[in-house]
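# Geometric and topological summary
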Amino acid sequence: VQLQASGGGLVQTGGSLRLSCAASGRASSLASMAWYRQTPGKQREMVAQIDRDGSTNYADSVKGRFTISRDYIKNTIQLQMNSLRPEDTAVYLCNYHLSCNGFDAWGQGTLVTVSS
């Protein structure tokens, strides 16, 4: 499984961005997919997750501002990010996880920079 993320960029505080991640190869709709983010010196943080049944989970810091969605046919996920804050600045990574065998795949990351 290969993951290709896109949509990062520079935005002002209060602005919006939309990230996309496409899974190719032997991708399965049974996998959960998620967005994580990482900044230098900090632990990788789960931002938003969407399971095979469509249930979602968000980090407290993004609840009400970010929305994750999924196209099960195209094997893509999107992250709509609104009301962005400088502390949202990070490299955002797409994750694919298949719980039946513990398989994990990561995308290359896309940089989001929120200026104050």
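Residue positions within a chain follow its written sequence, with the count starting from 1. The predicted origin of the model limits local features to residues at a pLDDT of at least 70 and limits the giving and counting of side-chain atom pairs to 80 or more, whereas totals for whole chains, interfaces and linings rest on all residues. Side-chain numbers come from the whole structure's heavy atoms, not from hydrogens or water.

## So, the nonpolar core
Condition: To qualify as a nonpolar core, a set must consist of buried Ala, Val, Leu, Ile, Met, Phe, Trp, Tyr and Cys residues joined through side-chain atoms within 4.5 Å. Residue burial is assigned from relative accessible area. The probe radius is 1.4 Å, only protein chains are included, and a residue is buried under 20% of its type maximum, exposed over 50%, and partly exposed in between. Secondary structure is summarised from DSSP: a helix means a run of H or I of at least four residues, a strand means a run of E of at least two, and numbering begins at the N terminus for each. When checking whether two residues touch, look at their non-hydrogen atoms; a contact exists if any pair is within 4.5 Å.
One finds Trp35, Leu79, Met81 and Tyr92 to be the most contacted residues of the largest nonpolar core, which totals 31 residues. If one sorts the elements of this core by residue count, strand E9 (residues 90-98) sits on top with five residues. Every residue in contact with Leu79, bar those within four places of it in the chain, is listed here: Leu17, Arg18, Leu19, Trp35, Val47, Ala48, Phe66, Thr67, Ile68 and Tyr92.

## Observations concerning the sheet that holds strand E8 (residues 76-81)
Rules: Note on pairing: DSSP must find at least two bridges between two strands before they are called paired. A fitted line through C-alpha atoms serves as each axis, taken over the contacting stretch for helices, and the angle formed by two N-to-C directions is quoted from 0 to 180°.
Pairing is antiparallel in the open sheet, where four strands are placed in the order E1-E3-E8-E7. Looking at strand neighbours, the two that pair on one side only are strand E1 (2-6) and strand E7 (66-71), the edges of this open sheet. Between one strand axis and the next, the sheet turns by 15° as a mean value, whatever way the strands run. For strand E3 (residues 17-24) and E8, the ladder comprises six bridges, and the chain directions are antiparallel. Within the sheet, the bridge partner assigned to Leu19 lies in E8 and is Leu79.

## As for the packing of aromatic side chains
Two measures describe an aromatic ring pair: the distance that separates the ring centres and the angle between the ring planes. Note the cut-off: Ring pairs are drawn from Phe, Tyr and Trp, using the six-membered ring of Trp, whenever the two centres fall within 6.5 Å, and their geometry is named by plane angle: stacked under 30 degrees, edge-to-face over 60, tilted for the rest. We count a charge as sitting over a ring when the NZ of a lysine or the CZ of an arginine lies within 6 Å of the ring centre and within 35 degrees of the ring normal.
This model, assessed by the stated rule, comprises two aromatic pairs. Note on Tyr36 and Trp106: the rings are 5.0 Å apart at their centroids and 70° apart in plane angle, and the pair reads as edge-to-face. Of this pair, Tyr36 sits in strand E4 (residues 32-38) while Trp106 sits in strand E10 (residues 103-106), placing them 70 residues apart in sequence. Here Trp106 falls in the partly exposed class, since its relative accessible area comes to 36%. Summarising the aromatic geometry, the rings of Tyr96 and Phe103 are spaced 6.0 Å apart at their centres and angled 75° between planes, so their arrangement reads as edge-to-face. By relative accessible area, which is 31% here, Phe103 ends up partly exposed. Lying over the aromatic face of Trp106, Arg44 brings its terminal NZ or CZ to 4.4 Å of the ring centre.

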